[in-house]
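# Understanding the architecture of this molecule
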Amino acid sequence: MADQQARPGEDKRPSEIPVIRWEEPPEGPVLILLDQTRLPSEEVELVCTDASVLVEAIRSLAVRGAPVLGIAGAYGVALAAARGFDVDEAAEALESARPTAVNLSVGVHRALAAYRDALTATGDPTAAATAALAAAQALHREDAEASARMAVHGLALLDELMPGGGHRVLTHCNTGALVSGGEGTAFAVALAAHRVGRLRRLWVDETRPLLQGARLTAWEAARSGMAYTLLTDSAAGSLFAAGEVDAVLIGADRIAADGSVANKVGSYPLAVLARYHHVPFIVVAPVTTIDPDTPDGASIEVEQRPGFEVTEILTPQASAVGGGGGVPLAPLGTQAYNPAFDVTPPELVTAIVTEEGTVSPVTPEALAALCTRARATPAA
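Described below are features of the structure shown in this document. Residue numbering note: each chain is counted from 1, following its sequence as written. Only residues with pLDDT of at least 70 are given local features in this predicted model, and only at 80 or more are side-chain atom pairs given and counted; all residues enter the totals for whole chains, interfaces and linings. As a convention, hydrogens and water are excluded, and side-chain values are obtained from all of the structure's heavy atoms.

## Looking at the packing of aromatic side chains
Two rings from Phe, Tyr or Trp (for Trp, the six-membered ring) form a pair when their centres are within 6.5 Å of each other. A pair whose planes differ by under 30 degrees is stacked, one over 60 is edge-to-face, and the rest are tilted. Following the criterion strictly, the structure yields one aromatic pair and no others. Ring geometry for Trp22 against Tyr75: centres 6.0 Å apart, planes inclined by 20°, an arrangement best described as stacked. Residue Trp22 is found in strand β1 (residues 20-23), and its partner Tyr75 is found in helix α2 (residues 66-82); the two are separated by 53 residues along the sequence. Judged by its relative accessible area of 15%, Trp22 falls in the buried class. Charge-over-ring contacts are defined here by two conditions on Lys NZ or Arg CZ: a distance within 6 Å of the ring centre and an angle within 35 degrees of the ring normal. A cation over an aromatic ring shows up here: Arg223 above the ring of Trp219, its NZ or CZ 4.6 Å from the ring centre. Across from the ring centre of Phe341, 5.0 Å away, lies the NZ or CZ of Lys264, which sits over that ring. Each helix is a run of DSSP H or I of at least 4 residues and each strand a run of E of at least 2, with the numbering of both proceeding from the N terminus. Think of it in three bands: with a 1.4 Å probe and only protein chains considered, a residue is buried below 20% of the maximum accessible area for its type, exposed above 50%, and partly exposed in between.

Here it is as structure tokens:
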């Protein structure tokens, strides 16, 4: 594994991370996922033979991150169709697996629409299944392309805000190749800065309670040869106070029409800290994460997760759904408040970077214009 003190600019490109892929062995099509609950101790693949297995993988966070959840949702519809299951039932189960992440719903609806259109046109379930798979594969490709464009726009913004390079970037949760068809969202921007020698340090929040920063972002940063340092979430304030943060880069699971951003819990406190310390707070997300049907932050449904994720430390071998199995941290019977996300109001967001460009200042009008422009741009 790469030294965490690796020299910025070292272009160490890891072998491709097989986050999600479709395969068709003789016994029937399957969706194969890299089980993120087992990282970084081991790289284990999870084989989904039907949508119900995928739903459990989504709920347990074996696959997670807004863009890749959209891809997984689309493939899940295609899997149900190809294997002859009830497609509408599978789509409903997939869409409800994680309510805050709007990309999941977008991916499910896209593949479902392709399936229904083909079934209406041909009356052939096999042709309809093929259409659903084509829609999922197209979404997968488009997300990879969007990731690359977000990296370009995000790096340009960093260079505009902080000419001369030497960027010290704080990030939260995991926003790299594990959440994307490409190299990610916020992490992809930091990676682009690293590759051109302008990333001085990536500060990685551990991201309690499930440690996606410690387990996943640090793993990706090490594989890429980036200079990074891990910190507890509660240490971020002292880092800002010491003047060690030039920008905050995070992803998003849903962006409301007014620019409110739902992201992994702990993001909102970073926005408050960034505003107090006059540090740019930048959100990087594909246009599919913007939800015009959600008017504001108060309208975003925030997923509440099981209390044992807080009262126990979950090991890779412990079950992440249905009841603990980890090392106890609190007395038996302790109740826990465990929202998966929090919501940052638009006035605390310096900019939202998408594949279609950057919105700053963040206003309902600017977001609506960007979404209109995205709809008018033909898919690659």
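The rest of the description comes next.
## Considerations on helix α3 (residues 87-95)
Restricting attention to buried positions, one finds in α3 the residues Val87, Ala90, Ala91 and Leu94. Down the axis of α3, the buried side of the element spans an arc of 100°, and every buried residue falls inside it. Exposed positions of α3 whose direction lies more than 90 degrees from the buried face are Glu89 and Glu92. Whether two residues touch is decided by their heavy atoms; if any such pair falls within 4.5 Å, the residues are in contact. Buried residues in α3 make contact with α1 (51-59), α2 and α4 (102-122). Polar contacts here mean pairs of N or O atoms no more than 3.5 Å apart (in protein, one a potential hydrogen donor and the other a potential acceptor; neighbouring residues in sequence count only if both atoms are side-chain atoms). With a side-chain oxygen positioned 3.1 Å from the backbone nitrogen of Asp88, the residue opening α3 is Asp86. An arc is given here, and it is the one of the directions from the helix axis to the C-beta atoms.

## A short note on the sheet that holds strand β9 (residues 261-264)
Paired through their backbone hydrogen bonds, the strands of a sheet run either parallel or antiparallel. Each pair of strands is called paired provided DSSP finds at least two bridges between the two strands. With mixed pairing, the four strands of this open sheet are ordered in space as β11-β8-β9-β14. Edge positions in the open sheet fall to β11 (290-291) and β14 (341-344), since each of these has one partner strand only. Pairing of strand β8 (residues 254-256) with β11 involves two bridges; the strand directions are parallel. For Ala256, the partnering residue across the bridge sits in β11 and is Asp291.

## Points about the side chain of Thr207
With respect to the helices and strands, the residue Thr207 is situated in the loop between β5 (199-205) and α7 (212-223). Of note is the side chain of Thr207, whose polar atom sits 3.0 Å from the backbone oxygen of Asp205. Only 3.5 Å separates the side chain of Thr207 from the backbone nitrogen of Gly213, close enough to count as a polar contact. Setting aside its immediate chain neighbours within four residues, Thr207 contacts His172, Cys173, Gln212, Gly213, Asp233 and Lys264.

Structural measurements only, silent on function.
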